[in-house]
Structures are given as structure tokens and as C-alpha cells.
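Results of the structural survey
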Amino acid sequence: MASLEEIREQITRITSELIKSGLCDHQNYPSIIEKPGKHKEIVFDTKADLSTVLKNQGYKELYEALLKNKAYNFLMVDGAIIQLMYSFHKGDILGHRLAFFPCPNLLEYQNIPEIYENDEVSADIISEKIVTFPIRFDFDNSEEKFISIDHPKSHLTLGEYRNCRIPVSAPLTPFYFMDFILRSFYDTRDQKFSSQIPPFSHSFSKSISNSETEVVHLQIPSP
């Protein structure tokens, strides 16, 4: 199973690769902090109080608060914000929050990359045809919150819908999360940014229940 240090190393290397690709406009490298009870968390450097930033706000206000406080690992060239946060206890993963917040005012890079490459000023003119929504992969290993199918330990939430929890077979490593984001929103027919991220062999154990495998769910590849 992937360790705390291995996950931090993945995020650090992915950060360097995104800078090389030119997709990342600004970044915060990961760091490890110790919490009470021998918990350790991998976070990005920010002074923002995320507990207040992330609650009870509309999407545009949420996005602007994250942007203002630089509460992200990556600020992409199209304005999208990406967060990767993990928590561990005695070497075991406790949880993660992996989030993609597209800019509510700009067009995704995949549709017209030439606009960002050649004419940034006009990028928002034709953005109305895109409906932006956040994507979040959450994992929580606590038995208190787990309810099979209704609240899977590892799940995908689309658009911040309260009860949207699509079961996922296991926690995601940073590599699989970023591979998903790059393939889905940044790769084009001629430019495959996802192929520029080197694969990692680390993974996490399965967390999906038998009942959850009988409904539509996402399967994380085994390296």
C-alpha cells in the first residue's frame, strides 16, 4: 500500500511535470503536517482556513475564495483549481480529498487550446456553451460514516450534489487522479498531456463493498 512519503513524492513529481508541460500557471508544493493523535496530513502551503472557505457557498464564491487564498496545489492555465489532500495514521490512509474546480468564467482547455496559446484575451467570449461543475474524489476510512452504497468509503461527487456519491473501488493515488483529470479535460487529439506524467507503481487496497460492486461504480486500475 502506498505510504505517506510515497504519496507526497508522487505529488511533488507531478507538480514538476505540470510546470514543464506549461499547463500549470501557479503551484503549491505538498508538505506534511502532524495533527493530534499521531495523524499526519499531506497538504499544500496556504494560510487559508479551509473549514470556512469550503462551506455553504455558491460555486462562483467558493472558486473565488479558493483562488484568493491560493488554496490549491495547481492553478491551471485555464483557471481551473486542483487540490490533493491526504491524511494518514500510523502508515495507513485515513482519507483523501482530490478536487477539480474549473473556472466558472473560462472555457476548458480541451475545446479550443489555440485560444489559450494564441489569444488569451478572447478566451471568455465563447465560454457560454460550457457548463462548468466541480469534481471531487473523497475517501474516508471511518466506519462511522460508511453506509454501503449510500456513503461508500471511496466515492466520486459531481457538481457538489449532496447525495451524489458514485462508488469507487479504492482510494486514488495522485497519479490516477491527475491522469483522469488530464485525459478528461486537457488532452486533445494532437496533444496528450496525460502521457507526460510518469506512471507510479504505488496503489491502495480496495475499499468497495460487495453491494457497491453490484451498482454502477468506478474501478481504479491495479498497477
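Preceding block: the structure.
Predicted model, so just to flag it, every value in this text is computed and none were measured.

Quick word on the packing of aromatic side chains
One pass over the structure, following the stated rule, counts nine aromatic pairs. One aromatic cluster is present, formed by Tyr86, Phe88 and Phe204 through successive ring pairs. It is Lys153 that lies over the ring of Phe146; its NZ or CZ is 5.6 Å from the centre.

Topic: the pairing of strand 8 (residues 154–158)
Of all five residues that make up strand 8, four are buried, and the element is covered over most of its length. Sheet topology places strand 7 (residues 135–140) next to strand 8; five bridges connect them, and they run antiparallel. Bridge pairing in strand 8 places Phe139 opposite Ser154. Pairing of strand 8 with strand 9 (residues 166–167) involves two bridges; the strand directions are antiparallel. In the sheet register, Leu156 faces strand 9, and the bridge partner there is Ile166.

So, the pairing of strand 7
Burial runs high along strand 7: five of the six residues are buried. Where strand 6 (residues 92–101) meets strand 7, six bridges bridge the pair, whose relative direction is antiparallel. Considered in strand 7, the bridge of His96 is made with Phe139.

Describing the pattern of salt bridges
Evaluation of the coordinates by the stated rule reveals eight salt bridges. We note a salt bridge from Asp140 to Lys145, for which the minimum N-O separation is 3.5 Å. Overall, the relative accessible area of 48% leaves Lys145 in the partly exposed class. In this structure, Asp190 engages Arg189 in a salt bridge whose closest nitrogen and oxygen atoms are separated by 3.7 Å. Each of the two residues, Asp190 as well as Arg189, counts as exposed. Within this structure, Arg136, Asp138 and Glu160 form a network of salt bridges that share partners.

What counts and how
Residues numbered from 1 in each chain as written. Predicted model: local features only at pLDDT ≥ 70, side-chain atom pairs only at ≥ 80, totals over all residues. Heavy atoms only, no water. Phe/Tyr/Trp six-rings, centres within 6.5 Å; stacked < 30°, edge-to-face > 60°. Lys NZ or Arg CZ within 6 Å of the ring centre and 35° of its normal. Buried < 20%, exposed > 50% of the residue type's maximum accessible area, 1.4 Å probe, protein only. Helix = DSSP H or I, 4+ residues; strand = E, 2+ residues; numbered from the N terminus. Pairing = 2+ DSSP bridges. Salt bridge = Lys/Arg side-chain N within 4 Å of Asp/Glu carboxyl O.

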